[in-house]
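Next come the chains, spelled out residue by residue.
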Amino acid sequence: MSVASNVTEKAFVDRRTRDWEELDALTRKAHATRLRKLSSHEVARLPPLYRNVCADLAASQVARYSAPLVDYLRGLTASAHTLLYAPAGLSVRSTPQGMWRALRRGWFVSFPRAVRARWRSMTLAAGLFFIPLAIGAWLTLRDPAFAFRVTPEAMLRQLTEAYTHGFDAGRGAGESVMMAGFYINNNVGIALRCFALGVFGGLGSAFYLVQNGITIGATLGYVTSQGAGMNILTFIVGHSSLELGAIVLAGGSGLSLGWSVVSPGDRTRLASLQKRAREIIVIVFGAAAMLLMAAGIEGFWSASSAPRTVKFAVGTVLFVLVALYVTLAGRRSDDNGEGAR
Amino acid sequence: MDADVAVESPEHIVFRYRIAGPARRCVAHVIDWFVYSTALAVLVLVMIFAMAGARGQGVSGFVAEASGGLLLVAVFATQWLYFVAWEATLGRSPGKMVVGLRVVTTEGRPIGLKAAALRNFLRAADALPTAYIAGVICMAMTSRFQRLGDLVAATMVVVPEHAAKAAALDLVPPAYPHELATLPEDISLDEDERAAIELFLRRRRGLGPARANELAAMIAGPIGERIGFRHPDPARLLALVYDRAVNAGRTDAPASLRSFSLPPPPPMQQAR
């Protein structure tokens, strides 16, 4: 097996080994700490070294040098490649200003646009949530015992007890913090699960939406049937637009994710799923942000001793804001609708 | 249970990544579980101290309730944000760091926030019905051992390999004149023969001389016969043939063609 004029492996290694060792040392350092910690000189050295080692790898493959050498160069190029080809957008490498800009753009432009682009899924999700909610409330108002089928009786009685007292006493600061923490853990968790289980053809999301709808409807119906309807309405009016809206958006994202597998169009099912997931994750982030706000309102405001009229006014304003935001935000932006990639 | 996957870079260089199997990833996950459980335990300890410190100062109720709220937030963070934060920034969680794993996209690039969020939010689906059974089934069905989260985010977990640099094979000692006299000018070895001889030459030092000769004899006979070259020491025969086949025609002269001025050869050791 004669190879066209090429140096021997030994001569090749002797000649090139300095570059390899330099790149090796740099990549190890960068992987161990972070790229940011490298000096500007070291960063500037990376691309030329990487290109040279790529060329060496190609040359050693063509010259059919021994497997350990080729493996070594492969490992070297692979780890440098991981370092050099970072994703665009939010990453540790971007500046605080860049991250702030991406965050603002995500919230005011990409998120509402993505919601509107998936309006069918979102409408379906709203239906799957609010229709069971209405049915649950109606059934419970007709026969309060229905609520016990979907929610533990003890919990319902305790809840009713709490709402009967009204909010004149307000809520202590400590309890507010505790409840806000509880809402974050519980509600954001539900929303993320509701989205994730959409991967099974949307069935998981549909199940969660319907289940939550019925439970919430039955709870509202039961508390109302026990005569504390006005109180619970006063309680939920502040945060419900954000909280229920976010659950619907998360569920709708899950439905959309599932539908991308069921009906992939021109793509393979996997490619369709991956593309949709990338487009839709911003809605999940947005829904999580909405739930964080809702948790703050629910923890610190909804049970406060503020007058009922003020609470209703604030609730209405928030509802209008959420509706305007979802329908109008990000329509007039100079960039195209691709969102922060 | 590990496999390779080829990835082509923009430079048209093909990398092979070793894909991490379920076993390694399970170990990494257990380590991560220990890490965040320990963090939670430390937080609880701090809170207990805070409550003890606040006792009898009129704020004990507030401290207890606020601690409960913070603890719930911390539980949420460990469940949903721990992996996302680590993987979006460093490409690996502490558990993966210990085991030596890295999450990359199926194109071999580092993952960003979106991919990290997708693959870790989808844990809720992978963990169904319990103990990641859905995820393991999914891994068994995909060539890159991807769980559902990996499929959705187009990521894979690899074992970054830093192969140690191996010295180039050299003919030691260089060929003696009497060996050169009969060694053919042009020797051609096929891929398998070449790989086998190369592996043998690299491993020779670790083998006993008797075993080395026994192994070398298995292939030295047929090859020597084919190219018409005889040598009393089969291992030496392979080394000579390999050097000539691989290095003949290279621009700097292979050792078997190098001018030679050493003391006369020692008496050839008889292997048998």
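Residues numbered from 1 in each chain as written. Chains lettered and ligands numbered in written order. Predicted model: local features only at pLDDT ≥ 70, side-chain atom pairs only at ≥ 80, totals over all residues. Heavy atoms only, no water.

Points about the overall build of chain B
Link 1 in the chain: Each helix and strand counted, chain B has 11 helices and 4 strands in total.
Link 2 in the chain: Counting only residues that meet the buried cut, chain B has 46% of its 272 residues in that class.
Link 3 in the chain: Here the contacts in chain B between residues at least 6 apart in sequence split such that 64% fall between residues at least 24 apart.
Link 4 in the chain: Taken as a whole, chain B presents about 13500 Å² of accessible surface, with 64% of it coming from carbon and sulfur. (Helix = DSSP H or I, 4+ residues; strand = E, 2+ residues; numbered from the N terminus. Buried < 20%, exposed > 50% of the residue type's maximum accessible area, 1.4 Å probe, protein only. Contact = heavy atoms within 4.5 Å. Areas by Shrake-Rupley, 256 points an atom, 1.4 Å probe, with all protein chains shown as cover.)

Focus: the overall build of chain A
Link 1 in the chain: Of the regular secondary structure elements, chain A holds 12 helices and 0 strands.
Link 2 in the chain: Listing each helix as α and each strand as β along chain A from the N terminus yields α-α-α-α-α-α-α-α-α-α-α-α.
Link 3 in the chain: Computed over C-alpha atoms, the radius of gyration of chain A comes to 28 Å, more than 25% over the 20 Å expected from 2.2 N^0.38 for 341 residues, which places it beyond the range of a compact globule.
Link 4 in the chain: Along the first, second and third principal axes, the C-alpha atoms of chain A reach 95 × 45 × 45 Å.
Link 5 in the chain: Across chain A, contacts joining residues at least 24 apart in sequence account for 79% of those joining residues at least 6 apart.
Link 6 in the chain: Accessible area for chain A stands at about 16300 Å²; split by element, carbon and sulfur atoms hold 62% of it.
Link 7 in the chain: One finds the centroid of the 36 positive side-chain charges in chain A at a distance of 5 Å from the centroid of its 21 negative side-chain charges. (Rg over C-alpha atoms; globule rule 2.2 N^0.38 Å. Lys, Arg positive; Asp, Glu negative; His and termini not counted. Charge placed at Lys NZ, Arg CZ, Asp CG, Glu CD.)

Brief notes about a nonpolar patch on the surface
Residues and elements named next belong to chain A.
Link 1 in the chain: A contiguous nonpolar patch, built from Phe319, Val320, Leu324 and Leu328 and spanning about 380 Å² of accessible area, is present on the exposed surface.
Link 2 in the chain: Mapped onto the secondary structure, Phe319 falls in helix 12 (residues 308–328).
Link 3 in the chain: Among the residues examined, Phe319 registers a relative accessible area of 53% and is labelled exposed. (Patch = residues over 30% accessible without salt bridge, like charges linked within 9 Å, V, L, I, M, F, W, Y side chains within 5 Å. Salt bridge = Lys/Arg side-chain N within 4 Å of Asp/Glu carboxyl O.)

Here's the deal with the packing of aromatic side chains
Link 1 in the chain: For the structure shown, the criterion picks out 15 aromatic pairs over all chains.
Link 2 in the chain: Where A:Phe129 meets A:Phe130, the ring centres are 5.0 Å apart and the plane angle is 80 degrees; that geometry is what we call edge-to-face.
Link 3 in the chain: Judged by relative accessible area, which is 38%, A:Phe130 ranks as partly exposed.
Link 4 in the chain: Seen from their ring centres, B:Tyr36 and B:Tyr82 are 5.1 Å apart, and the 75 degrees between their planes marks the pair as edge-to-face. In this pair, B:Tyr36 sits in helix 1 (residues 22–54) while B:Tyr82 sits in helix 2 (residues 60–90), placing the two residues 46 residues apart along the sequence. In terms of burial, B:Tyr36 and B:Tyr82 fall into one category: buried.
Link 5 in the chain: Taken together, the ring pairs connect A:Phe12, A:Trp20, A:Tyr65 and A:Tyr72 into an aromatic cluster.
Link 6 in the chain: Across the ring face of A:Trp138, the terminal group of A:Arg142 is positioned such that the distance to the ring centre comes to 4.9 Å. (Phe/Tyr/Trp six-rings, centres within 6.5 Å; stacked < 30°, edge-to-face > 60°. Lys NZ or Arg CZ within 6 Å of the ring centre and 35° of its normal.)

Side note on the side chain of B:Arg147
Residues and elements named next belong to chain B.
Link 1 in the chain: Counting through the fold element by element, Arg147 comes out in the loop between helix 6 (133–141) and helix 7 (148–153).
Link 2 in the chain: Among the polar contacts listed, one links the side chain of Arg147 to the backbone oxygen of Arg119, at a separation of 2.9 Å.
Link 3 in the chain: Contacts of Arg147, omitting those with residues within four sequence positions, involve Arg25, Arg119, Asn120, Leu122, Arg123, Asp126, Gly135, Cys138 and Met139. (Polar contact = N/O pair within 3.5 Å; in protein donor to acceptor, adjacent residues only side chain to side chain.)

Some words on the interface of chain B and chain A
Link 1 in the chain: Each side of the interface is counted separately: chain B has 71 residues, and chain A has 74 residues.
Link 2 in the chain: Contact between chain B and chain A buries roughly 6200 Å² in total, counting both sides, with carbon and sulfur atoms accounting for 65%.
Link 3 in the chain: The tally of links from chain B across to chain A stands at 2 residue pairs in polar contact (both at pLDDT 80 or more).
Link 4 in the chain: Those elements that place two or more of their residues in the side of chain B that touches chain A are strand 2 (14–19), helix 2, strand 3 (102–105), helix 4 (113–121), helix 5 (123–126), helix 7, helix 9 (191–203) and helix 11 (234–247) of chain B.
Link 5 in the chain: The leading source of residues in the side of chain B that touches chain A is helix 2 of chain B, at 13 residues.
Link 6 in the chain: Split by residue class, the side of chain B that touches chain A holds 42 nonpolar, 12 polar and 17 charged. (Buried area = accessible area lost by both parts, 1.4 Å probe. Nonpolar A, V, L, I, M, F, W, Y, C, P; charged D, E, K, R; others polar.)

Considerations on the side chain of B:Glu193
Residue and element names in this part refer to chain B.
Link 1 in the chain: One can find Glu193 in helix 9.
Link 2 in the chain: Judged by relative accessible area, which is 16%, Glu193 ranks as buried.
Link 3 in the chain: Leave out the neighbours within four places in its chain, and Glu193 touches Ser188, Ile223 and Arg226.

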